[in-house]
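Breakdown of the fold
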Number of protein chains: 2
Amino acid sequence: MRMGVLGSGMVAQAISARLAELGYEVMIGTRDAEKLKGWQSSNQRVMIGSFAETAAHGEMVFNATDGAASLQALTMAGTENLSGKILVDVSNPLDFTDGFPPSLTVFGTDSLAEQIQRAFPLTKVVKTLNTVTARVMVYPLEVANGDHHVFISANDVEAKSQVMELLRSFGWVNIFDLGDLSTARGTEAYLLLWVRLYGAMNTGMINVKIMK
Amino acid sequence: MRMGVLGSGMVAQAISARLAELGYEVMIGTRDAEKLKGWQSSNQRVMIGSFAETAAHGEMVFNATDGAASLQALTMAGTENLSGKILVDVSNPLDFTDGFPPSLTVFGTDSLAEQIQRAFPLTKVVKTLNTVTARVMVYPLEVANGDHHVFISANDVEAKSQVMELLRSFGWVNIFDLGDLSTARGTEAYLLLWVRLYGAMNTGMINVKIMK
């Protein structure tokens, strides 16, 4: 299966490398291929392309761009290249205007995931992984042997099911189905707590487990 | 020790009853004493007073009013009645303008806890318990035998320490010190995830445990 990963930062790199490790045919999409040349030298199985090439390549596409620039990046990727496909949105609409800790650019009665879904109505947006740091996204067993939860939100039940299967292949054992895409408002807002947990614990190798 | 609990809803009732059970001299403060007459008949150790009487009574005071009305309620309680005291703020700035699920009236670069602290600079505001439902606040062992976390945020380290002691008497074993009062932005924003967890699980008898 061909995977496209939009973005060139830590999250895009981590997801691309992990997908390649699992045997997928991966292209990572960036505006600036030069930036990824060094990284690619140790990740030679991952191809580098433009946003549009990467979206066209992927049968499933990841949005791992900066949340503040995601809509613009996805527009460059192209509606036709994303149409009918699953878009796994792992981004967060972090607003660093006032420095650290960040606020969010969208909040409460809307979410970045829903903005993306409205902008690309023929794409099946699945929000997940945005509540953990890049390393935990793809190697969840490195935190508490996987004894913690990842959340998933989507309107398309079949798309959600496919992404859950992929998450299991990353090592996720506890996948919490929050419901439709509007529930991404909850996981995006949680980032404001996550940055404080990170601040208090001095590590991003953390996550939450839902207890009842 | 004398305790004042501002508010007349489920949270105020739960905290008042629990404090009375633990032997404190408790007054619950409301604008409408009639509303609490029925409740008081089975909680006779709890006195009923106005906001001002309750704040004057308490050596430690709880803000368990609706977040959207908290600043107004605290103003009625009176600056002089709150001065020099610990105010345990358990409220959330929930905005039900668009129905359920709620948004928040303050968010991101500010929090209700900080608004209260700015409005009452001589009061020691401690934010805690706002991430769980009323019953879990005061009987934490009823969820997963207490194997989950409550968060605490405050600028005054000694006040925070006193409130942590009180939380332990409620049964809390895992108290997560997030830092200064600005970290309440994180726990207040988390409510947007909490309402979705509640929606997915059909119970409020839940909480998160921080895993690393």
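Our subject is the structure that appears above.
These notes cover the structure that comes with them. (Residues numbered from 1 in each chain as written. Chains lettered and ligands numbered in written order. Predicted model: local features only at pLDDT ≥ 70, side-chain atom pairs only at ≥ 80, totals over all residues.)

Along its length, chain A carries 9 helices and 11 strands. Expected size for 212 residues packed as a compact globule is a radius of gyration near 17 Å; at 16 Å, chain A falls within 12% of this value. Dimensions of chain A, computed from the C-alpha atoms along their principal axes, are close to 45 × 40 × 35 Å. Every one of the 212 residues in chain A was classed for burial, and the buried ones make up 53%. Across chain A, contacts joining residues at least 24 apart in sequence account for 72% of those joining residues at least 6 apart. (Helix = DSSP H or I, 4+ residues; strand = E, 2+ residues; numbered from the N terminus. Rg over C-alpha atoms; globule rule 2.2 N^0.38 Å. Buried ≥ 20, exposed ≤ 12 C-beta atoms within 10 Å, placed from the backbone. Contact = placed C-beta atoms within 7 Å.)

When chain A is fitted onto chain B, the two copies agree to an RMSD of 0.0 Å after a turn of 180° and an axial shift of 0.0 Å. Taken together, the rotation and translation relating the two chain copies correspond to the operation of a two-fold axis. Residue by residue, 100% of the interface of chain A is reproduced at the interface of chain B, so both copies engage with the same surface. (Least-squares fit on C-alpha atoms with pLDDT ≥ 70 in both.)

We now examine the interface of chain A and chain B. In this complex, chain A contributes 36 residues to the contact, which on the side of chain B involves 36 residues. Every element with two or more residues in the side of chain A that touches chain B is listed here: strand S7 (103–104), strand S10 (175–179), helix H9 (184–201) and strand S11 (207–211) of chain A. Sorting elements by how many residues they give to the side of chain A that touches chain B places H9(A) first, with 13 residues. Across the side of chain A that touches chain B, the residue classes break down as 18 nonpolar, 11 polar and 7 charged. Two elements, S11(A) and strand S11 (residues 207–211) of chain B, share 5 bridges in a ladder whose sense is antiparallel. If you follow Met211(A) over to S11(B), its bridge partner there is Asn207(B). (Nonpolar A, V, L, I, M, F, W, Y, C, P; charged D, E, K, R; others polar. Pairing = 2+ DSSP bridges.)

Attention now goes to the packing of helix H4 (residues 70–77) of chain A against helix H6 (residues 112–119) of chain A. Residues and elements named next belong to chain A. Close contact between H4 and H6 brings their axes to 10 Å; oriented N to C, the two are set at 30°. Classed by the angle they form, the pair H4 and H6 counts as roughly parallel. Here H4 runs over H6; the crossing is right-handed. Residues Ser-70, Leu-71 and Leu-74 of H4 pack against Leu-112, Gln-115, Ile-116 and Ala-119 of H6. Of the residues in the contact of H4 with H6, the class split is 5 nonpolar, 2 polar and no charged. (Axes fitted to C-alpha atoms, helices over the stretch in contact; angles between N-to-C directions. Parallel < 35°, antiparallel > 145°, perpendicular 65-115°, else oblique. Left-handed = near helix turned anticlockwise from the far one by under 90°.)

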